[in-house]
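Geometric and topological summary
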Amino acid sequence: MIEVNYIAQNVEMPVFNRQAVSEWLEQVAAHHGKRVGRLTYVFCADDYILATNKQYLGHDYYTDIITFDYSNSHRISGDMVISLDTVRSNASQYAPDYGHELMRVIVHGVLHLCGINDKGPGEREIMERHENEALAILPANVF
């Protein structure tokens, strides 16, 4: 059974059609041969994601998303912590708008759960291709 939770941690919840996004994520996972179990998105500010990054990964830097993978076999599950501050900053530099960048980061977490990495040689380009493919099928009623 699919369960997607969206939580705001000391920030205002971003405005988007949660049902449409959840269904889109389910479609993206299916494209990669996976089923969605429980996904939790925690939207936060930079200070929260920095503390999370330090505590759980030993990294002392800001990032847009941290994905905690609890998947098994063909069912993906995980917690994704997303800094809306970093999403906003990245959107002003790299994306057409904030909403587009937010959806890119949201699907980025699911793609990690599907087994796509972005740290090794050539992996960033592969991740970007999968992000772009997913964004191409983003429903029009998301915003």
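Just so it is clear, the model here is predicted, and its values are computed rather than measured.

1. Describing the overall build of the protein chain
The number of helices and strands found in the protein chain is five helices and four strands. Helices and strands appear in the protein chain in the N-to-C order β-α-β-α-β-β-α-α-α. A globule of 143 residues ought to have a C-alpha radius of gyration of about 15 Å, and the protein chain, at 14 Å, matches this closely. The principal-axis extent of the C-alpha atoms belonging to the protein chain is close to 35 × 30 × 30 Å. Counting across all 143 residues of the protein chain, residues that qualify as buried make up 48%. Within the structure as shown, the protein chain displays about 7600 Å² of accessible surface, and the carbon and sulfur contribution to it stands at 49%. Across the protein chain, 11 positive and 19 negative side-chain charges occur, with their mean positions spaced 5 Å apart.

2. A short note on unusual backbone geometry
In this structure, Asn-10 is a non-glycine residue whose phi angle is positive, near 60°. Within the secondary structure layout, Asn-10 lies in the loop between strand 1 (3-8) and helix 1 (18-31). Look at Ser-73: it is not a glycine, yet its phi comes out positive at around 50°. Mapped onto the fold, Ser-73 is located in the loop between strand 3 (65-69) and strand 4 (75-83).

3. Things to note about the packing of helix 1 against helix 4 (residues 98-113)
Remark: helix 1 packs on helix 4, axes separated minimally by 10 Å, with the N-to-C direction vectors making an angle of 40°. The angle between the axes of helix 1 and helix 4 places the two elements in the oblique class. For the pair helix 1 and helix 4, the sense of crossing is right-handed. Listed contacts from helix 4 to Val-21, Trp-24, Leu-25 and Val-28 of helix 1 are Met-103, Ile-106, Val-107, Val-110 and Leu-111. Looking at side-chain class alone, the contact of helix 1 with helix 4 contains nine nonpolar, no polar and no charged residues.

4. Some details on the environment of Arg-75
Within the fold, Arg-75 resides in strand 4. Note on Arg-75: relative accessible area 26%, which makes it partly exposed. Between the C-alpha atom of Arg-75 and that of Ala-29, which follows or precedes it by 46 residues, the distance is 9.0 Å. Excluding residues within four positions of it along the chain, Arg-75 makes contact with Met-1, Arg-35, Val-36 and Gly-37.

Rules behind the numbers
Residues numbered from 1 in each chain as written. Predicted model: local features only at pLDDT ≥ 70, side-chain atom pairs only at ≥ 80, totals over all residues. Heavy atoms only, no water. Helix = DSSP H or I, 4+ residues; strand = E, 2+ residues; numbered from the N terminus. Rg over C-alpha atoms; globule rule 2.2 N^0.38 Å. Buried < 20%, exposed > 50% of the residue type's maximum accessible area, 1.4 Å probe, protein only. Areas by Shrake-Rupley, 256 points an atom, 1.4 Å probe, with all protein chains shown as cover. Lys, Arg positive; Asp, Glu negative; His and termini not counted. Charge placed at Lys NZ, Arg CZ, Asp CG, Glu CD. Axes fitted to C-alpha atoms, helices over the stretch in contact; angles between N-to-C directions. Parallel < 35°, antiparallel > 145°, perpendicular 65-115°, else oblique. Left-handed = near helix turned anticlockwise from the far one by under 90°. Contact = heavy atoms within 4.5 Å. Nonpolar A, V, L, I, M, F, W, Y, C, P; charged D, E, K, R; others polar.

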